[in-house]
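An overview of the molecular structure
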Amino acid sequence: MLTNASQVLLRNSELVKDQSVLVINYESDHLPKELLNTASSVCGLALDYHHHLMMLPYAAKNLALHFGHQLPNDDIFDTVIVYFPKAKALAPYLFNLAAKHLKAQGQLIVVGENKGGIKSLPKQLPNYFDKPFKADNARHCVVFLSELNAEAPKLTLTDWQSKYQLDTPQGQITICNLVGVFSEKKLDEGTQLLLENLPKMRGKVLDFGCGAGVIAAALLKVQPELKIDCVDINAMALASCELTLAANGFSAKVFASDGLAQTNNRYDGIISNPPFHDGLASTTNIATTFVKDSAKNLQSGGLFHIVANRHLPYSDTIAEYFGSVNVAAENNKYKIYSNTKA
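Identification of the protein chain as Ribosomal RNA small subunit methyltransferase C from Shewanella pneumatophori is taken from an unreviewed UniProt entry. The Catalytic activity (unreviewed entry) field of the UniProt record for the protein chain holds the comment "guanosine(1207) in 16S rRNA + S-adenosyl-L-methionine = N(2)-methylguanosine(1207) in 16S rRNA + S-adenosyl-L-homocysteine + H(+)". Comment text from UniProt for the protein chain, heading Sequence similarities (unreviewed entry), reads "Belongs to the methyltransferase superfamily. RsmC family."

1. A look at the pairing of strand E1 (residues 20-24)
Residues in a regular strand project their side chains so that they alternate between the two faces of the sheet. When you tally the buried positions in E1, you get five out of five residues, the bulk of the element. The two faces of E1 match: Ser-20, Leu-22 and Ile-24 on one face and Val-21 and Val-23 on the other face are all buried. With five bridges connecting them, E1 and strand E2 (residues 41-46) associate as parallel partners. Each bridged residue has a counterpart across the sheet, and for Leu-22 the counterpart in E2 is Cys-43. When E1 meets strand E4 (residues 77-83), the two strands line up parallel, connected through four bridges. Among the inter-strand pairings, Val-23 is bridged to a residue of E4, identified as Ile-81.

2. Details of the nonpolar core
Ile-24, Val-82, Tyr-93, Phe-95, Leu-108 and Phe-129 are the most contacted members of the largest nonpolar core, which has 40 residues in total. Put simply, the parts of the chain that give this core at least two residues each are E1, E2, E4, helix H4 (91-100), strand E5 (102-113), strand E7 (141-147) and helix H8 (235-247). Looking at this core element by element, the count peaks at seven residues for H4. Ile-173, Met-201, Val-307 and Ile-336 belong to the second largest nonpolar core, which has 36 residues in total.

What counts and what doesn't
- Residues numbered from 1 in each chain as written.
- Predicted model: local features only at pLDDT ≥ 70, side-chain atom pairs only at ≥ 80, totals over all residues.
- Heavy atoms only, no water.
- UniProt positions renumbered as here; feature names shortened; annotations may be inferred.
- Buried < 20%, exposed > 50% of the residue type's maximum accessible area, 1.4 Å probe, protein only.
- Helix = DSSP H or I, 4+ residues; strand = E, 2+ residues; numbered from the N terminus.
- Pairing = 2+ DSSP bridges.
- Core = buried A, V, L, I, M, F, W, Y, C linked by side-chain atoms within 4.5 Å.

Below, the structure is given as structure tokens:
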């Protein structure tokens, strides 16, 4: 099933007839494969690892698939399609990335939902593209077209970061947060409460949903002996985490994982400000799976230590898989759940 944005793109597929196409930030469907009905070749760059895994079985000679914040090569395309990001701060980065891989006078197609801010595109598109015009408007989505008319600036990742010093209970750490990553300019309240109640950990630790690496850096500040795996589903978050660790002189293993599926260690501890937010229909199922998989991946005596919105349904699931529920700290918005596996 194609998303609304992909359906609108597909009904305009003649725009890419016999062309080489790059699709950036595609959604949870098979749109890159569907474009091959008209395009000569397609390359997909997913910034969400789950979306990448959905497409991966369809990789072929004329369908190259990559996950990350940029392509591993300098290939040039006739057309670049950008899905307008939910985090609007990420959009200018994606346009710069698109320009890097677009031939002179190449076609840029931008698609997005009305509620996601796509209507602001004419004001957002950099001046190395022509003024965009609306090509289609359907299913609460808009398709804009433009053309590359000048050379874009060189794409340097560190130009897109907010770098700042953060005072934590563990000491001062440097944070490098790239555009589009959660809590880009300051520490969020949930992580703040977690750092105020950071436990002593041991051995091999998983930082799940690592974001910009704040939790991992705070842990390594006081316990440099820890072996930490940092996982996230978001390519910009993983790049941010790597930058943060390097800026503080710390080392950890940073890699993409869809849930805990790509982790293959048994951990002595799992720590997280899980990236599941109130108001999402899938929150309950995702939270349940996270707790269940955490219990399975912990060694006996291993510590499960997370912060969560106090309204999210964690207690019953934790009780089911850990045998009890221990709330180590709380405020009017968040709870710290801290349980040891029997």
